[in-house]
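# Coordinates in review
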Amino acid sequence: QEQPVESGGGLVQAGDSLRLTCAASGRTFSGYSVAWFRQTPDKEREFVAAIRWSGGNQWFADSVKGRFTISRDIAKNTMYLQMNSLKPEDTAVYFCAIGRPIQSTVAKPESYYHWGQGTQVTVSS
């Protein structure tokens, strides 16, 4: 199995925190970048954050800077997205994706070729 596996979504109130997990399944993240995207029914898939597994470089969308952080457990091939101060507009299905983008394409969905099934995050006002 090549697809990563997401978990940790749920229903929370505005201002609450949530941590999403992306676990490698049948592979290692080494040599790849691992990213989070999110999508609602009325919007295209939107970049949230990414990390280059080897080296640890990180990127964040402006809409989540200062609220979301990334961490990883290299031994477990697991990446975490800590989401703080959640807002109703953060409501979406969150997808984990694996790819080898260059820096200028890290936020483009087409740069990634293994996608998880997604986990729903709902933030009530």
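Scope of this entry: the structure provided in the associated data block. (Residues numbered from 1 in each chain as written. Predicted model: local features only at pLDDT ≥ 70, side-chain atom pairs only at ≥ 80, totals over all residues. Heavy atoms only, no water.)

## Overview of the pairing of strand β11 (residues 119-124)
We apply this condition: Only protein chains enter the accessibility calculation, which uses a 1.4 Å probe; a residue whose area is less than 20% of its type maximum is buried, one above 50% is exposed, and one in between is partly exposed. Helix and strand definitions here come from DSSP, where helices need a minimum of 4 consecutive H or I residues and strands a minimum of 2 consecutive E residues; each element is numbered from the N-terminal end. Two strands are counted as paired when DSSP detects at least two bridges linking them.
By the alternation rule, side chains of β11 split into Thr119, Val121 and Val123, which are all buried, and Gln120, Thr122 and Ser124, of which none is buried. Note that strand β2 (residues 10-13) and β11 share four bridges and pair parallel. Opposite Gln13, over in β11, you have Ser124 as the bridge partner. Looking at chain direction, strand β9 (residues 92-99) and β11 are connected through three bridges and run antiparallel. Bridge pairing in β11 links Tyr94 to Thr119.

## Quick notes on the sheet that holds strand β8 (residues 78-83)
Where strands meet in a sheet, backbone hydrogen bonds hold them as pairs that are either parallel or antiparallel. Rules: Axes, fitted as lines to C-alpha atoms, cover a helix only where it is in contact. Angles between the N-to-C directions of the axes lie from 0 to 180 degrees.
Strand order in the open sheet formed by four strands is β1-β3-β8-β7, with antiparallel pairing between adjacent strands. The sheet is open, and its two borders are formed by β1 (5-7) and β7 (68-73), each paired with just one other strand. Neighbouring strand axes in the sheet, compared pairwise and without regard to direction, differ in orientation by 20° on average. Strand direction decides the pairing type here: β7 and β8, joined by six bridges, are antiparallel. Among the inter-strand pairings, Phe68 is bridged to a residue of β8, identified as Met83.

## Considerations on the nonpolar core
Applicable threshold: Throughout, nonpolar core names a set of buried Ala, Val, Leu, Ile, Met, Phe, Trp, Tyr and Cys residues whose side chains join them through atoms within 4.5 Å. Contact criterion: two residues are considered in contact whenever any of their non-hydrogen atoms come within 4.5 Å of each other.
Within the largest apolar cluster, 37 residues are counted, with the highest numbers of intra-cluster contacts made by Trp36, Leu81, Met83 and Tyr94. Looking at this core, the elements with two or more residues in it are β3 (18-23), β4 (33-39), β5 (46-52), β7, β8, β9, β10 (112-115) and β11. Top element by residues in this core is β9. It accounts for six residues. Residues within four places of Met83 in sequence aside, it is in contact with Asp16, Ser17, Leu18, Leu20, Arg67, Phe68, Tyr94 and Val121.

## What to know about the environment of Asp16
Mapped onto the elements of the fold, Asp16 is located in the loop between β2 and β3. A relative accessible area of 31% means that Asp16 is categorised as partly exposed. Between the C-alpha atoms of Asp16 and Ser63, which are 47 residues apart in sequence, the distance is 16 Å.

## Remarks on the packing of aromatic side chains
Condition: Classification of ring pairs uses Phe, Tyr and Trp, with its six-membered ring standing for Trp, and accepts pairs whose centres are within 6.5 Å; under 30 degrees between planes counts as stacked, over 60 as edge-to-face, and the remaining range as tilted. A ring is considered to have a charge above it if a Lys NZ or an Arg CZ atom is located within 6 Å of its centre and within 35 degrees of its normal.
For the structure shown, the criterion picks out seven aromatic pairs. Where Phe37 meets Tyr112, the ring centres are 5.4 Å apart and the plane angle is 70°; that geometry is what we call edge-to-face. Of the two residues, Phe37 is situated in strand β4 and Tyr112 in strand β10; the sequence distance between them amounts to 75 residues. Exposure class is identical for Phe37 and Tyr112. Each is buried. A connected cluster of aromatic rings, assembled from ring pairs, spans Phe37, Phe47, Phe95, Tyr112 and Trp115. Seen from the ring of Phe95, Arg45 lies directly overhead, with NZ or CZ sitting 3.9 Å from the centre.

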